[in-house]
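Reading the structure
Each chain is listed here by its residues.
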Amino acid sequence: MNSNRRIPLSRPSITDEEVALATDAARNGWGPHCYDYLDRFEAAFAAHIGVKYAIATSSCTGALHMGLAALGVGEGDEIILADTNWVASVAPVLHLGARPVLVDIQPDSWCIDPVAVRAAITPRTRAIIAVHLYGNLCDMDALLALGREFDIPVIEDAAEAIGSMYGGSRAGALGVFGAFSFHGSKTITTGEGGMFVTDEQALYDKVLSLSNHGRVKGQTRQFWPDMLGFKYKMSNLQAAFGCAQLRRVESLISRKLEIMQRYREAFADVSGITMNPELPGTRIGAWMPTVVVAEHIPLSADELLHRFKQANIDARPFFAPLSTLTWMPPGPTGSHAQSVYERAVNLPSFHDMTDHDIDRVVAVVREALQHAGA
Ligand SMILES: *Cc1c(COP(=O)(O)O)cnc(C)c1O
């Protein structure tokens, strides 16, 4: 084996089980069986997260778009979310004509700062989106308390938080609704795909109708949309794949935790970097192990990424603040959002990663820090 072979950032774990169920869906999942795997995947996912209802979607972005639409979000509304985010969390807000209010992150959790949320609430605030960034956890107690105090729904974007636990609850089960992604880079995958979850029947019914081109359940007239809806459905083929991934979810999560633990141990004697925090009462799902270089050390994320490239390792930059995108409505950039972005790098973590792969990643970070005089 070439010991310098390319190490990807992420790669799904595919076994005979995924291939068998996808093959079965391809051969038999038609006609009267065209929803069989979808029904199974939704029921199994709802059980895994601990919620009453789940709707499989073509993406997490679609799940967020429909959920926000079902809450009535539209023109003139303000939606609060963190400045540090992937564009998918904010795009549906803009598509609905609402205004994203981007607030700073906590420097330790890299997630939305509840103090900044409180300061940003106005009479136009219609929702708060809590994104569990990289599988880290938002301070849900504080956000849910704000939601109750001001009567504002708190939504969870748990795309990166399969396996993340907040107290006794799984991430995604705490807000008015949760959204998940099964993109190929995520902890469980269907190639592309997502899931909308909620405990509220009225919201479930609304999103179910919206997801079916606005056709209300029980409407007997055919080809009769009762409202303008969306087409964000998952296919039965993808759901079959998802059923197999979900059967293996505990082992997929524990491997993520194991890789994170290996990194933590390897960096235990290294000062000058921190990794994903795990606050008391939480367990992070460790979707994306990330190192943040301390402010006083002269080692930028750009320099570290350059060294990874030289070593044939696919490390990735941290999300840039959304407020710095050229086409975003103007607004201030969070100082922590900018500062962490300049100092943080995502490390590879995939199921079949070897100890040798991990050692190579660790060596790059150690050498870069030594070179910077840390
Ligand atoms: C991946 C991701 C999304 C988007 O998921 P898609 O399935 O690609 O739409 C949304 N939010 C976060 C936090 C993500 O990581």
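Structure: above.
In short, a report on the structure. Remember, it's a predicted structure, so these values are computed and weren't measured experimentally.

Considering the sheet that holds strand β4 (residues 125–131)
Within the open sheet, the 7 strands sit side by side as β1-β9-β8-β5-β4-β2-β3. Their pairing is mixed. In this open sheet, the two strands that pair with only one neighbour each are β1 (53–57) and β3 (99–103). Going from strand to strand, the sheet's axes swing by 20° on average, the running direction of each strand aside. Strands in contact with helix α6 (residues 140–150) are β4 and β5 (154–157); relative to β5, the strand with the most contacts, it is inclined by about 145°.

Here's the deal with empty space enclosed by the protein
Taken as a whole and judged by the stated rule, the model has 2 cavities of 30 Å³ or more. Put simply, the largest cavity is a space of about 160 Å³. As for the largest cavity, its lining consists of 17 residues, of which R11, K186, T187, K256 and H351 are closest to the centre. Per element, the largest residue contribution to the lining of the largest cavity is 3 residues, and it comes from helix α9 (residues 249–266). In terms of residue class, the lining of the largest cavity is made up of 4 nonpolar, 9 polar and 4 charged. Counted as a void, the second largest cavity has a volume near 40 Å³. Along the walls of the second largest cavity sit S109, N136, L137, P277, E278, L279, T282 and I284, which together make up its complete lining. For the lining of the second largest cavity, a count of residues per class yields 4 nonpolar, 3 polar and 1 charged.

Comments concerning the site of the ligand
The immediate surroundings of the ligand are formed by 13 residues, with T61, D157, E160, S181 and K186 found nearest. Note that an oxygen atom of the ligand is positioned 2.4 Å from one of the side-chain N or O atoms of E160. Taking S181, its side chain carries an N or O atom lying 2.7 Å from an oxygen atom of the ligand. Protein burial of the ligand: of its 380 Å² of free accessible surface, 92% is covered by the chains.

A closer look at the pairing of β3
Most of β3 is tucked away, with 4 of its 5 residues classed as buried. Across 5 bridges, the pairing between strand β2 (residues 78–82) and β3 is parallel. Each residue of the ladder has a partner; that of E78, found in β3, is R99.

Structural notes on the side chain of H132
Checked against the element boundaries, H132 lands in the loop between β4 and α6. According to the relative accessible area criterion, H132 is buried, its value standing at 0%. Discounting chain neighbours no more than four positions away, the residues touching H132 are C111, L137, C138, M140, E156, D157, A158, E160, A161, A171 and G172.

What counts and how
Residues numbered from 1 in each chain as written. Predicted model: local features only at pLDDT ≥ 70, side-chain atom pairs only at ≥ 80, totals over all residues. Heavy atoms only, no water. Pairing = 2+ DSSP bridges. Helix = DSSP H or I, 4+ residues; strand = E, 2+ residues; numbered from the N terminus. Axes fitted to C-alpha atoms, helices over the stretch in contact; angles between N-to-C directions. Contact = heavy atoms within 4.5 Å. 1 Å grid on protein atoms, 1.4 Å probe; cavity = no way out; pocket = protein on both sides within 12 Å on 5 of 7 lines; lining within 4 Å. Points joined across faces, edges and corners; volume = space filled by probe spheres on them. Nonpolar A, V, L, I, M, F, W, Y, C, P; charged D, E, K, R; others polar. Near = heavy atom within 4 Å. Polar contact = N/O pair within 3.5 Å; in protein donor to acceptor, adjacent residues only side chain to side chain. Areas by Shrake-Rupley, 256 points an atom, 1.4 Å probe, with all protein chains shown as cover. Buried < 20%, exposed > 50% of the residue type's maximum accessible area, 1.4 Å probe, protein only.

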